[in-house]
Amino acid sequence: MHPTVQAIYARVRSVHPKTLHAYMLAQLPTAPQDAHPVLAAFFSALTPPPLLHCARCHEDYTDVENNGRACYVEHDDEDPEYERVYNPRSKWQARWRCCDRTAGGYDGDQLEGGCFVGMHTVRGAPAIVATAR
């Protein structure tokens, strides 16, 4: 007795996409010769997702790879200005003009996360530029 379409659907749906991908790649080379035409027909309409270009960080990406930490823009290391502040750990505070964020320390302690950390975008992203003070 052959499995039903519903059973195959349920099995595929229950497996994580990365597991399914790895399994298919491992099994394809050992597929019986007479299954090749069926497999070729089954996968004939499968196309990779379109490659997009991020307007913010200028990386290429696909929608399935896009998440809340996919787009990362570094601080301009030449850009911080330092000011004296009262702080028990440090007497200096660095302010990055590129994003107007601050971090304690004269030694250039990097601000966690860079200027921007978030999702990629294809729309015109707001420029992250130095602002004169």
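Definitions and limits used
- Residues numbered from 1 in each chain as written.
- Predicted model: local features only at pLDDT ≥ 70, side-chain atom pairs only at ≥ 80, totals over all residues.
- Heavy atoms only, no water.
- Core = buried A, V, L, I, M, F, W, Y, C linked by side-chain atoms within 4.5 Å.
- Buried < 20%, exposed > 50% of the residue type's maximum accessible area, 1.4 Å probe, protein only.
- Helix = DSSP H or I, 4+ residues; strand = E, 2+ residues; numbered from the N terminus.
- 1 Å grid on protein atoms, 1.4 Å probe; cavity = no way out; pocket = protein on both sides within 12 Å on 5 of 7 lines; lining within 4 Å.
- Points joined across faces, edges and corners; volume = space filled by probe spheres on them.
- Nonpolar A, V, L, I, M, F, W, Y, C, P; charged D, E, K, R; others polar.

A.B. asks: With reference to specific residues and values, describe the nonpolar core.
C.D. replies: Among the nonpolar cores identified, the biggest contains ten residues, and these are Cys54, Cys57, Tyr61, Cys71, Val73, Ala94, Trp96, Cys98, Ala103 and Cys115. Contributing elements (two or more residues each) for this core: strand E3 (71–73) and strand E5 (92–96).

A.B. asks: So, the environment of Glu81: which residues are in play, and what are the values?
C.D. replies: Assignment of secondary structure puts Glu81 in strand E4 (residues 80–84). Through-space distance from the C-alpha of Glu81 to that of Arg97 is 7.4 Å; in sequence the pair is 16 residues apart.

A.B. asks: Which residues make up the layout of surface pockets, and what are the values?
C.D. replies: If you add up the space inside the largest pocket, you get close to 1000 Å³. Around the largest pocket, the lining comprises 18 residues; the ones closest to its centre are Ile8, Val12, Leu20, Met24 and Phe42. Every element with two or more residues in the lining of the largest pocket is listed here: helix H1 (5–14), helix H2 (17–27) and helix H3 (36–43). A per-element tally of the lining of the largest pocket places H2 first, with six residues. Here the residues of the lining of the largest pocket are counted per class, giving 15 nonpolar, two polar and one charged.

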